[in-house]
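What follows is each chain in one-letter form.
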Number of protein chains: 2
Amino acid sequence: MIELAILGILKEANLHGYELKKHLRTALGPLCSVSFGSLYPALNRLERDGAVAVVAVDEANAVATPMTGSFAGEAAAFRARRRVTRGPRNKKVYGITEVGEARLTELMADPADDERTFGMKLAFFRWCDRPTRLHLLERRCATLHQRLDETRGVVAARGSDDPYVRALMEHDSESTMNDIAWISRLIASEEAGGDDTLDDRDKEPTGGHP
Amino acid sequence: MIELAILGILKEANLHGYELKKHLRTALGPLCSVSFGSLYPALNRLERDGAVAVVAVDEANAVATPMTGSFAGEAAAFRARRRVTRGPRNKKVYGITEVGEARLTELMADPADDERTFGMKLAFFRWCDRPTRLHLLERRCATLHQRLDETRGVVAARGSDDPYVRALMEHDSESTMNDIAWISRLIASEEAGGDDTLDDRDKEPTGGHP
DNA sequence: GTCATCATGTAAGCCGTTACATGATTGC
DNA sequence: GCAATCATGTAACGGCTTACATGATGAC
């Protein structure tokens, strides 16, 4: 889970742990909640496995995305040229490796479908191809249908004698149906090939609808 | 969390672990997910703390709580009936004690507001008084507002350059607003004194409004 | 007698948290 | 120089899961 988040973020830009955490907050908002106590060990684990690597600070901002207008990016770039393997503030700037990219693909594909995991995967949809995206969306849809059935089963079976439980289940059903409708829309848009910029976004940054 | 679930269910009927798990599924549906590996240790913990006690299988069918009161008393009673305390299939039928009821009240009041915890609390709303219910609802409302702000902050700050992230955040906002509206309705209904049967359901089963 | 189910438990492990420790750098 | 922040890490613990072990009971 946390590895998915790290790799997904690092695929976009080389960052050190501290910065990474900020990016997680500003990029995923309520979906992520990672503390340093789990972030750093995870980074070390990933480094040990060769999924990420410490990059020389000179390369730190050279590679990956342009980082247009990022305060941290420019500041880092300014101070960046002192040492090689560790930055000025003892920073360790990480970049994703090919192994890491493979791992990311693997993590995206694996069957874990809970609210948070799916949300995170969706946030990184740009990193995978359309078939994978469709697969994930359909699986999520199935999961939601299952949940809906389960909730309805509760109402049908019992528990409906209590108004609060009833209210809870009804709201749960509604929310789930809402989610299903949303996913269905995403599937439709995906099948229609709605925004083609997603499949090959390296071609052109045509951002948005006409 | 799991203790809340156990106590909330046991307040309604004396049950043994195996049965308890079934009730959790059929009473809370997707909200609960407890495995035996956590259920039994939790029951033992609660028993050690005097929050639940093994009841004689004779009383097992006698619903709700006869439970004399003092922990020492319960323990003595337990020792006295040592032979009867395990049912035919080696069952241990548990009942909630006064200590357990106090613990339940405490758990309901404590500040934990995530999706699942709140859902579980709501499912047990019948066990607490209106002020507590209102307090919980308002806290939840505040939490949701906070989440909404956070999500909007993400959209405003950045991340909106990716259509998937944007879709995710927009859906999150919508869902959260939906939840807020729902909670607001519950608050209104609570303040209006909608169903009075909930506050003192032991008095009279007067089902609903005239 | 044996198989499925009921019933209770233990052990190992995963995944995350909080709290703590340490040191570098900057601003004043 | 001193405080605030940046930056990395460790230790202890919490809560839950899976997998395993054990045994009673009833159906056939």
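Definitions and limits used
Residues numbered from 1 in each chain as written. Chains lettered and ligands numbered in written order. Predicted model: local features only at pLDDT ≥ 70, side-chain atom pairs only at ≥ 80, totals over all residues. Heavy atoms only, no water. Helix = DSSP H or I, 4+ residues; strand = E, 2+ residues; numbered from the N terminus. Contact = heavy atoms within 4.5 Å. Areas by Shrake-Rupley, 256 points an atom, 1.4 Å probe, with all protein chains shown as cover. Buried < 20%, exposed > 50% of the residue type's maximum accessible area, 1.4 Å probe, protein only. Least-squares fit on C-alpha atoms with pLDDT ≥ 70 in both. Buried area = accessible area lost by both parts, 1.4 Å probe. Salt bridge = Lys/Arg side-chain N within 4 Å of Asp/Glu carboxyl O. Polar contact = N/O pair within 3.5 Å; in protein donor to acceptor, adjacent residues only side chain to side chain. Patch = residues over 30% accessible without salt bridge, like charges linked within 9 Å, V, L, I, M, F, W, Y side chains within 5 Å. Expected span 1.5 Å × (residues − 1). Pairing = 2+ DSSP bridges.

Asker: Mind showing me how you'd approach the overall build of chain A here?
Answerer: Secondary structure assignment for chain A yields 9 helices and 3 strands. Reading the secondary structure of chain A in the N-to-C direction produces α-β-α-α-β-α-α-β-α-α-α-α. Pairs at least 24 residues apart make up 72% of the contacts formed inside chain A by residues separated by at least 6 positions. Surface summary for chain A: the accessible area is close to 11,200 Å², and the carbon and sulfur share equals 53%.

Asker: Just to check I follow, could you spell out the environment of Lys21 of chain A for this structure?
Answerer: All names here are of chain A. By the element assignment, Lys21 lies in helix 2 (residues 17-28). Given the relative accessible area of 26%, Lys21 is considered partly exposed. With sequence-adjacent residues up to four places away left out, Lys21 is seen in contact with Val34, Ser35, Phe36 and Leu39.

Asker: How should the relation of the copies chain A and chain B be read in this particular structure?
Answerer: In this arrangement, two copies of a chain are superimposed by a rotation about an axis accompanied by a shift along the axis. Each copy superposes on the other: chain A lies on chain B with an RMSD of 0.1 Å after a rotation of 180 degrees and an axial shift of 0.0 Å. The symmetry that links the two subunits is that of a two-fold axis. When C-alpha positions in chain A are compared against the rotation axis, the closest is assigned to Ser175 of chain A, at 3.6 Å. Mapped onto chain B, 97% of the interface residues of chain A are again interface residues, and the two copies thus contact each other with one and the same surface.

Asker: Mind showing me how you'd approach the interface of chain A and chain B here?
Answerer: Size of an interface, as often reported, equals the accessible area lost when the parts are brought together. Taken together, the contact between chain A and chain B spans 35 residues of the former and 36 residues of the latter. Here chain A and chain B share an interface that buries about 3,100 Å² over both sides, 62% of which is from carbon and sulfur atoms. The interface formed by chain A and chain B includes 4 salt bridges. Here Arg25 of chain B ties to Glu150 of chain A by a salt bridge, and the two come within 2.8 Å at their closest N and O atoms. At the surface where chain A touches chain B, the tally comes to 8 residue pairs in polar contact (both at pLDDT 80 or more). Looking at the side of chain A that touches chain B, the elements that each hand over two or more residues are helix 2, helix 7 (115-123), helix 8 (130-157) and helix 9 (163-191) of chain A.

Asker: Even after reading the chapter, I still don't get a nonpolar patch on the surface, so can you show me in this structure?
Answerer: Residues and elements named next belong to chain A. Together, Tyr18, Phe36 and Tyr40 make up a nonpolar patch on the protein surface, roughly 290 Å² of accessible area in all. Within the element layout of this structure, Tyr18 appears in helix 2. For Tyr18, a relative accessible area of 48% gives the class partly exposed.

Asker: When you look at helix 9 (residues 163-191) of chain B in this model, what are you seeing that I'm missing?
Answerer: Structural remark: α-helix, 3.6 residues per turn; residues separated by three or four positions point the same way. Residues and elements named next belong to chain B. With 29 residues, helix 9 extends 41 Å between its outermost C-alpha atoms, agreeing within 8% with the 42 Å of an ideal straight helix rising 1.5 Å per residue. Residue Asp162 occupies the N-cap position of helix 9, its side-chain oxygen lying 3.0 Å from the main-chain nitrogen of Tyr164. One or two steps after helix 9, the chain reaches Gly193, where phi turns positive at roughly 75 degrees.

Asker: I keep staring at the pairing of strand 3 (residues 93-96) of chain B and nothing clicks. Help me out?
Answerer: Taken residue by residue, a regular strand's side chains alternate between the two faces of the sheet. Residues and elements named next belong to chain B. Across the two faces of strand 3 the burial is the same, with Val93 and Gly95 and Tyr94 and Ile96 all buried. Bridge analysis of strand 1 (residues 15-16) against strand 3 gives 2 bridges, and the strand direction is antiparallel. From the neighbouring strand, His16 faces strand 3, where its bridge partner is Val93. Sheet analysis places strand 2 (residues 52-54) next to strand 3, joined by 3 bridges and oriented antiparallel. Looking at the pairing, Val54 lines up with Tyr94 of strand 3.

Asker: Whenever I open this one, the sheet that holds strand 3 (residues 93-96) of chain A confuses me. Can you help?
Answerer: Backbone hydrogen bonds are what pair the strands of a sheet, in a parallel or an antiparallel way. Across the sheet, which stays open at both edges, the 3 strands sit in the order 1-3-2 (chain A) with antiparallel pairing between neighbours. If you trace the sheet from one side to the other, it starts and ends with strand 1 (15-16) and strand 2 (52-54) of chain A, each paired once.

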